[in-house]
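Notes for the structure review
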Amino acid sequence: MNENHYVVLAGGVGAAKFIRGLTQLVKPELLNIIVNTGDDIELFGLKICPDLDIITYTLAELVDNEKGWGFKNETFNCLHILKKFYDIGWFNLGDKDLATHIYRTDLFNRGFNKAEITNLICKDLRIKSHLMPMCNASVETFITTPKGKMHFEEYFIKHQCKPEILKIEFKGIEEAVPVEGILEYIEKAKKIIICPSNPIVSIGTILQVKGIRNALSLVKEKVIAISPIIEGASVKGPADKMMRYLGLDVSCVGVARLYHDFLGHFIIDDRDFDLKTKIEKLGIKTYPYDTIMTNLRKKIELAQFVLNLEI
Ligand code: GDP
C-alpha cells in the first residue's frame, strides 16, 4: 500500500467517465477502485457484473466511449441466437463481452471468489490499477413497480426506468462484508473520491456494506464527492426518480444530506451555485465547477480539479 494512494468509490457509467479523466493524471498503480456489485445479475447461466465490467473496460481502454459501456467495435451475433432460446434478450450482451462473463463464470465454478476473479481479469487485461468489488457476497437490487418486482437491470434496460418505483430492495446486503483490505485502504488513502454515481443504487449500495460508511466517517476530511445531480435532475439514469421515491430533496443538497456524516468536500455543478451556502451549512466544504463530462478534456479538467483540492 503506497501512502500516496487514492481510493475511488464507483458505480458504472458516471464513474467511468470520471475515472477516464483521472487515469490521464494519476499513475494507475495509485488507484484503488471500490466498485458497486449490487446490480450484478445471472443471465443465461452467466455471472454478469455490469459496473465492474464498465470500469474494467474503461481502465483497459477497451470501452465503447460513445455508449459508455461494453467493448468498442462490439457485435451482437450470439445474442441474436440466444433470443431464439430465451425470453431475456433485452440484456445487451455483446460477443466480446460474453468472453468476460464466460471466464468469470468458469472461475467462479472453479471456486474463486469475486475479488480473486476481478484480480485475474485485470491481470489478463493488463490493468495496473487495483479494482475491488465492494464485497464477495451476492447482492442484488430489486425494484417493485406497478408492472411487478424486477431486477434493477431489467428495470434499467428493458423498461428504461419508466415505471413508477414502489419499492427498492437490496437482497443479501445484510450479510455483505467488504472485500479484504478495503477498510485499510480507506483509512490510509491520500484522498477518497466518491464518483458522480447513483447515490441510491451505486454509491448507496457500497455504503451499506458493513463498516464502509463508518470507515469513511473516520477520515471525513479526506472524502470528496462529485454530485451526480445537476439542476434537480440526473445527467442520465434513474437517480433523480429514486431520490423522489425516497422522499428526498432531488438536488445536490439532497445528495449532500445523504452523504453528510462522512463527506468533507463536495463538488457541485456551476449551475447549482445558488445551493452552495445551503450545503456548507451541513458542514461540508462546497466547490462549484463545470461537472458535465461531455468529452475527454472535460473529464481530465474535473479530475484535475479534484486532485488540486487542498484538504
Ligand atoms: P450506472 O450504474 O451505469 O447508472 O452509473 P453510475 O451510478 O456510475 O452513474 C449514474 C449517475 O451518473 C447518474 O446519476 C448521472 O446523473 C451521473 N452522471 C453521468 N454523467 C455525468 C456527468 O457527466 N457529470 C455528472 N456530474 N454526473 C454524471
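One numbering rule holds for all chains: residues counted from 1, following each sequence as written. Only residues with pLDDT of at least 70 get local features here, since the model is predicted, and only at 80 or more are side-chain atom pairs given and counted; chain-wide, interface and lining totals rely on the full set of residues. Only heavy atoms go into the side-chain values, all of them from the structure, while hydrogens and water stay out.

Thoughts on unusual backbone geometry
At Phe44, a residue that is not glycine, the phi angle is positive and equals roughly 55°. By secondary structure assignment, the location of Phe44 is in the loop between β3 (41-43) and β4 (46-48). Here's how the labels work: a residue is buried when its accessible area is under 20% of the maximum for its type, exposed when over 50%, partly exposed in between, all with a 1.4 Å probe on protein chains only. Exposure remark for Phe44: the relative accessible area of 13% places this residue in the buried category. Its identity as a non-glycine residue notwithstanding, Asn73 has a phi of 50°, on the positive side. The exposed category is assigned to Asn73, whose relative accessible area is 65%. Every helix listed is a DSSP run of H or I at least four residues long, and every strand listed is a run of E at least two residues long, numbered separately from the N terminus.

Describing the pattern of salt bridges
Every case where a carboxyl oxygen of Asp or Glu lies within 4 Å of a side-chain nitrogen of Lys or Arg is listed as a salt bridge. For the structure on display, the rule yields 17 salt bridges. Among the salt bridges present, the one from Arg104 reaches Asp53, with a minimum N-O distance of 2.6 Å. In this pair, Arg104 sits in helix α4 (residues 95-109) while Asp53 sits in helix α2 (residues 50-59), placing the two residues 51 residues apart along the sequence. The closest approach of N and O atoms between Asp290 and Arg271, which form a salt bridge, is 3.7 Å. Remark: Arg271 occurs in the loop between β13 (265-269) and α12 (276-280) and Asp290 occurs in the loop between β14 (285-289) and α13 (296-308); sequence separation between them is 19 residues. Using a relative accessible area of 27% as the deciding quantity, one classes Asp290 as partly exposed. Overall, the relative accessible area of 41% leaves Arg271 in the partly exposed class. By sharing partners, the salt bridges in this structure join Asp269, Arg271, Asp290 and Lys298 into a single network.

By themselves these figures say nothing about function.
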